[in-house]
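# Inside the fold
Residues per chain are reported as follows:
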Amino acid sequence: MTLSVNTNQPALIALQNLNKTNDDMSGVQSRINTGLAISSAKDNAAVWSIAQDQRADRSALNAVKMSLDRATSITDVALAAGESVSDLLTQMREKVVAAKDTSLSTSSRTALNADFQGLLKNLTQVINSATFDGANILNGSEPANITFLADADAATAITLNLQNLSLGGAINTLSTTDKILTMTQAAAVLTRLDTTMTRVNQAVGSIGSQAKQIDAHNTFVSKLNDVLETGVGNLVDADMAKESARLQALQVKQQLGAQALSIANQAPQIILSLFNGGN
């Protein structure tokens with residue numbers, strides 16, 4: 001090997017190795033700091049692209065879950081109101097049946113009718129109060145069935161059917177003008193009341209079935225979101241145990257590289273000893 005004061009080949013080699021070690025250490029420290037083996041496209045363009053697509057799907061699924069949570073809340077409120085309506089109809093039937101008693105006095109019929117009228121008003125209040133986030137599927141205020149997001153592409157939807165339980169509708173045939181002051185009135189109301197109770201119970205049962213469907217799909221979306229998160233992690237997450245071991249090894253290499261560079265830098269001093277020897 002030629003000794004030269006202009007070119008120190010061993011020092012250049014040692015410097016190159018030290019720089020490579022420093023670069024490797026920088027990469028390890030980045031993975032430790034971020035927890036990601038692939039944090040940018042330059043780490044691995046293909047895997048990064050796949051991970052970004054999956055992250056986009058996860059973000060969209062969060063919107064789907066929010067929509068389904070709203071659907072769940074609407075159905076829960078509607079179910080609570082529908083069950084209350086069914087209970088009120090049961091109480092009303094009791095009043096109507098009692099009004100068919102031929103032995104009742106006029107004052108007793110008047111009292112029963114007052115109770116019946118109060119239950120009618122209460123029924124309307126319950127139906128109109130069954131609102132969540134401005135949506136009420138029981139009072140006929142919605143123009144059409146309500147749809148909610150079902151997938152990350154917004155290509156499919158879950159539909160919540162309206163069930164109008166308001167007085168004078170197709171389901172609830174009772175009206176605010178109904179009275180049970182006479183046997184004839186009570187008999188007519190009882191006929192429509194029995195029909196109404198059957199239809200209301202069917203409508204509430206339909207809401208319950210749809211609520212179950214919404215809950216099941218919401219659970220699936222949550223699981224799918226978790227699976228996607230795990231999948232992204234499998235692609236880009238760093239193995240911290242391995243990175244810790246690499247860091248320690250690189251720290252040793254860095255120290256050795258610095259010492260090797262220091263030794264290589266001292267090589268030209270040999271040239272001075274050669275000239276000193278000539279004196």
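Now for a look at the structure at hand. Keep in mind that what you see is a predicted model, and the values were worked out from it rather than measured.

## Some points on the overall build of the chain
Secondary structure assignment for the chain yields six helices and two strands. When the helices and strands of the chain are listed from N to C terminus, the series reads α-α-α-β-β-α-α-α. The C-alpha atoms of the chain give a radius of gyration of 40 Å, which is well past the 19 Å a tight globule of 279 residues would have. Here the C-alpha coordinates of the chain stretch approximately 145 × 30 × 25 Å along the principal axes. Classification of the 279 residues of the chain by burial places 31% in the buried group. Long-range pairs, those at least 24 residues apart, make up 75% of the contacts in the chain between residues at least 6 apart in sequence. Per element, the accessible surface of the chain, about 15,800 Å² overall, is 53% carbon and sulfur. Charge centroids of the chain, computed over 20 positive and 24 negative side chains, lie 3 Å from each other.

## Quick word on a nonpolar patch on the surface
Among the surface-exposed residues, Phe-220, Leu-224 and Val-227 lie close enough to one another that they form a single nonpolar patch of about 270 Å² accessible area. Inspection of the secondary structure puts Leu-224 in helix α4 (residues 183-236).

## Considerations on the packing of helix α2 (residues 45-99) against helix α3 (residues 106-129)
Interaxial distance between α2 and α3 falls to 10 Å at its minimum, and their mutual angle equals 165 degrees. For the element pair α2 / α3, the angle class is roughly antiparallel. The two elements α2 and α3 meet at a crossing, and its hand is left-handed. Of the residues in α3, those in contact with Ala-81, Ser-84, Val-85, Leu-88, Leu-89, Gln-91, Met-92, Lys-95, Val-96, Ala-98 and Ala-99 of α2 are Arg-109, Leu-112, Asp-115, Phe-116, Leu-119, Leu-120, Asn-122, Leu-123, Val-126 and Ile-127. Of the residues belonging to the contact of α2 with α3, the class tally is 15 nonpolar, three polar and three charged.

## Points about the nonpolar core
Ranked by size, the top nonpolar core spans 47 residues in total, and within it Leu-89, Met-92 and Leu-138 carry the most contacts. Elements represented by at least two residues in this core include exactly α2, α3, β1 (146-149), β2 (157-160) and α4. Element by element, the count of residues in this core is highest for α2, at 14 residues. If we ignore the near neighbours within four places in the chain, the residues touching Leu-89 are Leu-123, Leu-174, Leu-193, Thr-196, Met-197 and Val-200.

## Observations concerning α3
With 24 residues, α3 extends 35 Å between its outermost C-alpha atoms, agreeing within 8% with the 34 Å of an ideal straight helix rising 1.5 Å per residue. Within the span of α3, buried status applies to Arg-109, Leu-112, Asn-113, Phe-116, Gln-117, Leu-119, Leu-120, Leu-123, Val-126 and Ile-127. Here the buried face of α3 lies against α2 and α4.

## Considerations on the environment of Ser-73
By the element assignment, Ser-73 lies in helix α2. Relative accessible area serves as the criterion here: at 23%, Ser-73 is assigned to the partly exposed category. Between the alpha carbons of Ser-73 and Ala-211 there is a distance of 9.3 Å; along the sequence they are 138 residues apart.

## Describing the packing of α2 against α4
Closest axis-to-axis distance for the α2/α4 pair is 7 Å, and the angle between their directions is 160 degrees. As judged from the angle between their axes, α2 and α4 are roughly antiparallel. The two elements α2 and α4 cross, and the hand of that crossing is left-handed. Of the residues assigned to the contact of α2 with α4, the class counts are 32 nonpolar, 14 polar and ten charged.

## Digging into the pattern of salt bridges
Under the criterion given, the structure shown has nine salt bridges. Note that Arg-93 is salt-bridged to Asp-194, the shortest N-O span being 2.6 Å. Taken together, the residues span a long stretch of sequence, with Arg-93 in helix α2 and Asp-194 in helix α4 at a distance of 101 residues. Here Asp-115 makes a salt bridge to Lys-95, at a shortest N to O gap of 3.6 Å. One end of the pair, Asp-115, is in helix α3; the other, Lys-95, is in helix α2, and 20 residues separate them in sequence.

Conventions used here
- Residues numbered from 1 in each chain as written.
- Predicted model: local features only at pLDDT ≥ 70, side-chain atom pairs only at ≥ 80, totals over all residues.
- Heavy atoms only, no water.
- Helix = DSSP H or I, 4+ residues; strand = E, 2+ residues; numbered from the N terminus.
- Rg over C-alpha atoms; globule rule 2.2 N^0.38 Å.
- Buried < 20%, exposed > 50% of the residue type's maximum accessible area, 1.4 Å probe, protein only.
- Contact = heavy atoms within 4.5 Å.
- Areas by Shrake-Rupley, 256 points an atom, 1.4 Å probe, with all protein chains shown as cover.
- Lys, Arg positive; Asp, Glu negative; His and termini not counted.
- Charge placed at Lys NZ, Arg CZ, Asp CG, Glu CD.
- Patch = residues over 30% accessible without salt bridge, like charges linked within 9 Å, V, L, I, M, F, W, Y side chains within 5 Å.
- Salt bridge = Lys/Arg side-chain N within 4 Å of Asp/Glu carboxyl O.
- Axes fitted to C-alpha atoms, helices over the stretch in contact; angles between N-to-C directions.
- Parallel < 35°, antiparallel > 145°, perpendicular 65-115°, else oblique.
- Left-handed = near helix turned anticlockwise from the far one by under 90°.
- Nonpolar A, V, L, I, M, F, W, Y, C, P; charged D, E, K, R; others polar.
- Core = buried A, V, L, I, M, F, W, Y, C linked by side-chain atoms within 4.5 Å.
- Expected span 1.5 Å × (residues − 1).

By themselves, these figures tell us nothing about what the structure is for.
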